[in-house]
Amino acid sequence: MEGQEISGGLILTQIMVRITRKIEFSAAHLYHNPKFSDEENRRIFGKCNNPHGHGHNYVLEVTVAGDPDPNTGMILDLKELKDILQREIVERMDHRFLNYEVPELANRIPTCENIALVIWDLLEPKITRGHLDRVRLYESPDLYVDCTAGAAANGSAGKGRRSA
Ligand code: NI
């Protein structure tokens, strides 16, 4: 949040409003990079390289930022957000083997990081009121990844990844 100085030294503070919806899905994955030897895959990915995969109960928190509509008091229609999450994420990923059944992850190691990036790319164009502010994906209660708006603008993490 940044204050904006206007004449007379008065500081206007812009308040950011965010709303978050949480969903859960269960999915299986394995980590294997065909560029590595079998031994390297085992050394780098450990048990996650087990070819039969393993599952997680993922918890996804999706945050949308924006100004509440003066007529509805809402940043966006929460029913619509729920439908988008159901259609784009749950139906695509729940009870799936992510490596083989989710085309968006076909050529990526389906780490929590990459799953969160795919979720960001799926949701971002669907949010038409307000804007997608954060995707937080928990792989377990003590491990999560955040994708946040603006990551691409700083020239590091997001740069060029859409071509992947
Ligand atoms: Ni895992």
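Computed from a predicted structure; not experimentally measured. (Residues numbered from 1 in each chain as written. Predicted model: local features only at pLDDT ≥ 70, side-chain atom pairs only at ≥ 80, totals over all residues.)

### Things to note about the overall build of the chain
Selection rule: Secondary structure elements follow DSSP: runs of H or I of four or more residues count as helices, runs of E of two or more count as strands, with numbering from the N terminus. Burial in this document is a count-based property: other C-beta atoms within 10 Å of a residue's C-beta are tallied, and the residue is buried at 20 or more, exposed at 12 or fewer, or partly exposed in between, with C-beta positions derived from the backbone. C-beta atoms are first placed from the backbone for all residues, and any pair lying within 7 Å is then listed as a contact.
For the chain, the helix and strand inventory stands at four helices and seven strands. When the elements of the chain are put in sequence order from the N terminus, they spell out β-β-β-α-β-α-β-α-α-β-β. Within the span of the chain, comprising 164 residues, buried residues form 18% of the whole. Of all intrachain contacts in the chain linking residues separated by at least 6 positions in sequence, the fraction that spans at least 24 positions is 60%.

### Considerations on the nonpolar core
Stated precisely, the cut-off is as follows: Residues enter a nonpolar core if they are buried, belong to Ala, Val, Leu, Ile, Met, Phe, Trp, Tyr or Cys, and are joined to the set through C-beta atoms within 7 Å.
Ile115, Ala116, Ile119, Trp120, Val135 and Leu137 are the most contacted members of the largest nonpolar core, which totals 23 residues. Of all elements in the fold, only strand E4 (54–65), helix H2 (78–93), helix H4 (112–123) and strand E6 (131–140) reach the threshold of two or more residues within this core. Setting aside anything within four residues of it in sequence, one finds Ile119 in contact with Leu60, Ile89, Val135 and Leu137.

### Section: helix H1 (residues 38–45)
By the criterion of burial, H1 is predominantly exposed, with just zero of the eight residues buried. Among the residues trailing H1, Gly46 stands out with phi positive, at a value near 60°.

### Concerning the sheet that holds strand E3 (residues 18–29)
Rule in force here: We treat two strands as partners when DSSP finds at least two bridges between them. Between the N-to-C directions of two axes lies an angle of 0 to 180 degrees, each axis being a line fitted to C-alpha atoms and, for a helix, fitted only over the stretch in contact.
Here we have five strands laid out as an open sheet, ordered E5-E3-E4-E6-E7, and mixed in their pairing. Each end of this open sheet is capped by a strand with a single partner; those strands are strand E5 (96–97) and strand E7 (143–148). Here twelve bridges tie E3 to E4, and the two strands are oriented antiparallel to one another. Within the sheet, the bridge partner assigned to Glu24 lies in E4 and is Val59. Seen against the sheet, H2 touches E3, E4 and E5 and runs at an angle of roughly 15° to E3. Against the sheet, H4 contacts E4, E6 and E7, and its axis sits at roughly 150° relative to E6.

### Here's the deal with H2
Put simply, the rule is: Each helix should span, by expectation, one fewer than its residue count multiplied by 1.5 Å. The reported bend at a residue is simply the angle between two axes, fitted to the 7 residues ending at it and to the 7 residues beginning with it.
Taking 1.5 Å of rise per residue, the 16 residues of H2 would be expected to cover 22 Å, and the 21 Å separating its terminal C-alpha atoms lies within 8% of that figure. Along H2, the sharpest kink reaches roughly 35°, centred on Gln86. All of the buried residues in H2 are Leu81, Leu85, Ile89, Arg92 and Met93. Downstream of H2 by one or two residues, His95 has phi in the positive range, about 60°.

### Considerations on unusual backbone geometry
In this structure, His95 is a non-glycine residue whose phi angle is positive, near 60°. Tracing the backbone shows His95 in the loop between H2 and E5. Taking the number of C-beta atoms within 10 Å as the measure of exposure, His95 has 11 and is therefore exposed.

### Regarding the confidence of the model for the chain
Let me state the cut-off plainly: You can read pLDDT as the predictor saying how much it trusts each residue, on a scale of 0 to 100.
Taken as a whole, the chain shows an average pLDDT of 89; of its residues, 87% reach a score of 70 or greater. A low-confidence stretch, residues 153–164 stays under pLDDT 50, and its non-local contacts, those more than four residues away or across chains, total six contacts.

### Considerations on the packing of H2 against H4
In a packed pair of helices, the relevant descriptors are the angle between the two axes and the axis-to-axis distance. For clarity, the cut-off: Should an angle fall under 35 degrees it is taken as roughly parallel, and over 145 as roughly antiparallel, whereas 65 to 115 is taken as roughly perpendicular and any remaining angle as oblique. When the near helix sits turned anticlockwise from the far one by under a right angle, the crossing is termed left-handed; a clockwise turn instead gives a right-handed crossing.
Packing of H2 against H4 leaves a shortest axis separation of 10 Å and a crossing angle of 130°. Judged on the interaxial angle alone, H4 and H2 are oblique. Where H2 crosses over H4, the two elements pack in a sense that is right-handed. Listed contacts from H4 to Ile84, Glu88 and Ile89 of H2 are Ile119, Leu122 and Leu123.

### Here we look at the pairing of E3
For a regular strand, the rule is simple: side chains alternate between the two faces of the sheet. Of the pairings in the sheet, the one linking E3 to E5 comprises two bridges and is parallel in character. Its bridge partner being in E5, Ala28 is matched across the sheet by Phe97.

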